[in-house]
Amino acid sequence: MLTDTKLRKSLGKRRDKVEVISDAHGLNVRLSISGAITFFYRYRWDDKPVQLSIGDYPSITLSQARERRQQFRAWITEGYDPRRQVKLERQQKTEALTVEEAFTYWETYYCKPEGIVKIKVNRQNFENHVKPVLGNMIVNQTTKSHWLSLFDQMGRRVVTGDVLGLMQRAFRFCSNRDVIESNPLESLKRSDVGLTAAMKDRKLSDDEIKVLWYALEGMPASQQLVIRFLLMTGCRTTEIRTAKWEWFDYKEKTWTLPAADYKTGKTVRRALPDSAIFLLKQHQNWSVTKHVLTPPHFKNREDKPPSQPRVAAYSAQVIKKKGMKNWSLHDLRRTVATRLSELGAPPHVIEKLLGHQMGGVMARYNLHDYLPDQHQWLKVWLEHLEKVVGQPLTPH
């Protein structure tokens, strides 16, 4: 007998071979080698065995699969072949969705309710690459050739593979819901169209951190703020780049990123160390905007943060000044996470400091932000950072 607990534990778990588990009265699940779970129904028609797919878990829940099985059994009792009835159902229910409508359907009924990471980034990728070419086409009328032509125009890049995976997930959900008849991308692999993102491992040594720290002296105030804040907290570059003063609570020593401004669509609260507060207050003394950072020559311009390319170039300026080996602002985040781990910080505290969502069951049931632990381990990290640079991070 199948249970939700058994299915949750099996989902995503790799195995040596395909397994089939029976529920009752013809309902079964197939567990693939890669960890996918598919419901199907077995019955006999004209004295021949038949196997009819119901859908993938968790898009189709166990309860919904059992209801579907009961419908199949009722049809058989009435003398109807479930295969034929499913086809008729699909013809009646299927609306001729365009590619854009199908993508929006996936966003509306899956991504937003589940709080999927990168909702905004996914939409931007769709708007930039798919919508202008295939957005108005009916999904059921697109072929693999249409999509390969689109991907070939994009070139063999990492983003091409990302867009393929994005559209495959959207179409798989729509197909399981019977709002499109088929998934034209089902058989394509990332290697067919794009490159796999390389795993980066660049992190700065203590000697490089010291060189960087002193190289900032004499550089623009905004550049010093961004890089030092990243080194102190391990946050994402975009978080300090787009930060607003109202996010910071100096009294409580926390900073809170609202759900609307955060990549996961969920509010995140993190510890704010004294040295970072000192840095922010210094910068706030001459700030006249709601954003912590604003473009140069702000007068008479819109109150908005500087562009991502402009801030990303901060690292190149330091590299050129000191002749350092190449590194990016994101490498500072990796450096902080690695050093915290080496200093003994527990993984769940590091994840919270980085603003990551907890994985597995903890993501749903453990909503604690571990603020005291965040403060404790930031203190350990900043004490180490002081030893590295050879001076206090804030004046005594």
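The structure displayed is predicted, hence computed values, not measured ones.

(A) Structural view of the overall build of the protein. Each helix and strand counted, the protein has 18 helices and 7 strands in total. Summarising its shape, the C-alpha atoms of the protein cover approximately 85 × 45 × 35 Å along the three principal directions. Relative to its 396 residues, the protein shows a buried fraction of 45%. For the protein, the computed accessible surface area is about 21,600 Å², with 50% contributed by carbon and sulfur atoms. The protein carries 64 positive and 43 negative side-chain charges, and their two centres are separated by 3 Å.

(B) Representation of the pairing of strand β4 (residues 48–57). As paired elements, strand β3 (residues 37–45) and β4 share 9 bridges and run antiparallel to each other. From the neighbouring strand, Y43 faces β4, where its bridge partner is V50. The turn linking β3 back onto β4 is made up of 2 residues, and D46 within it adopts a positive phi angle of 55°.

(C) Just helix α10 (residues 221–233), in detail. With 13 residues, α10 should cover 18 Å at 1.5 Å per step; its first-to-last C-alpha distance of 18 Å lies within 8% of that length. Within α10, 11 of the 13 residues are buried, leaving the element largely enclosed by the surrounding structure. All of the buried residues in α10 are Q223, Q224, L225, V226, I227, R228, F229, L230, L231, M232 and T233. Just beyond α10, the residue with positive phi is G234, at close to 75°.

(D) Highlighting the packing of helix α9 (residues 206–215) against α10. Between α9 and α10, whose axes approach to 10 Å, the crossing angle comes to 145°. Of the two elements, α9 crosses α10, and the hand of that crossing is left-handed. Every residue of α10 that contacts α9 at I209, L212 and W213 is listed here: I227, R228, L231 and M232. Looking at side-chain class alone, the contact of α9 with α10 contains 6 nonpolar, no polar and 1 charged residues.

(E) Broad picture of the nonpolar core. Judged by nonpolar contacts, the single largest core of 55 residues is most densely connected at L212, F229, F248, V318, W327 and L332. Counting residues per element, the ones that place at least two in this core are α9, α10, β6 (254–257), α12 (274–284), α14 (314–322), α15 (329–342), α16 (347–354) and α18 (371–389). Here this core gets 8 residues from one element, more than from any other, and that element is α18. Among all residues touching V318, those that are not within four sequence positions of it are L212, A215, L216, M219, Q223, I227, M324 and W327.

(F) Molecular detail of the layout of surface pockets. For the second largest pocket, the calculated volume is near 480 Å³. Forming the walls of the second largest pocket are 19 residues, and the residues nearest its centre are I54, I60, R68, N176 and D178. Listing elements by their share of the lining of the second largest pocket, those giving two or more residues are β4, α2 (62–77), α3 (82–93) and α7 (158–176). Here the residues of the lining of the second largest pocket are counted per class, giving 7 nonpolar, 5 polar and 7 charged.

(G) Structural context of unusual backbone geometry. Cis geometry marks the peptide bond from Y57 to P58, where omega comes out at 10°. As for its placement among the helices and strands, P58 is situated in the loop between β4 and α2.

(H) Region of the structure containing the side chain of R333. Along the chain, the position of R333 falls in helix α15. Despite its burial, R333 pairs with no opposite charge, the nearest such side chain being E239 at 5.0 Å.

(I) Region of interest: the pattern of salt bridges. Applying the stated rule across the entire model yields 18 salt bridges. A salt bridge links D206 to R339, with the nearest nitrogen and oxygen atoms 3.2 Å apart. Of the two residues, D206 sits in helix α9 while R339 sits in helix α15, which places them 133 residues apart along the sequence. Accessibility expressed as a relative area gives 28% for D206, which makes it partly exposed. You can call R339 buried: its relative accessible area is 10%.

(J) Representation of the pairing of strand β2 (residues 27–31) in the model. Burial runs high along β2: 4 of the 5 residues are buried. When strand β1 (residues 19–22) meets β2, the two strands line up antiparallel, connected through 4 bridges. Bridging from a neighbouring strand, S22 pairs with N28 of β2. Taken together, β1 and the strand that follows it, β2, pair antiparallel across an intervening segment of 4 residues, in which H25 is found at a positive phi of about 55°. The pairing of β2 with β3 spans 5 bridges and is classified as antiparallel.

Cut-offs used in this document
- Residues numbered from 1 in each chain as written.
- Predicted model: local features only at pLDDT ≥ 70, side-chain atom pairs only at ≥ 80, totals over all residues.
- Heavy atoms only, no water.
- Helix = DSSP H or I, 4+ residues; strand = E, 2+ residues; numbered from the N terminus.
- Buried < 20%, exposed > 50% of the residue type's maximum accessible area, 1.4 Å probe, protein only.
- Areas by Shrake-Rupley, 256 points an atom, 1.4 Å probe, with all protein chains shown as cover.
- Lys, Arg positive; Asp, Glu negative; His and termini not counted.
- Charge placed at Lys NZ, Arg CZ, Asp CG, Glu CD.
- Pairing = 2+ DSSP bridges.
- Expected span 1.5 Å × (residues − 1).
- Axes fitted to C-alpha atoms, helices over the stretch in contact; angles between N-to-C directions.
- Left-handed = near helix turned anticlockwise from the far one by under 90°.
- Contact = heavy atoms within 4.5 Å.
- Nonpolar A, V, L, I, M, F, W, Y, C, P; charged D, E, K, R; others polar.
- Core = buried A, V, L, I, M, F, W, Y, C linked by side-chain atoms within 4.5 Å.
- 1 Å grid on protein atoms, 1.4 Å probe; cavity = no way out; pocket = protein on both sides within 12 Å on 5 of 7 lines; lining within 4 Å.
- Points joined across faces, edges and corners; volume = space filled by probe spheres on them.
- Salt bridge = Lys/Arg side-chain N within 4 Å of Asp/Glu carboxyl O.

In short, shape yes, function no, at least from these values alone.
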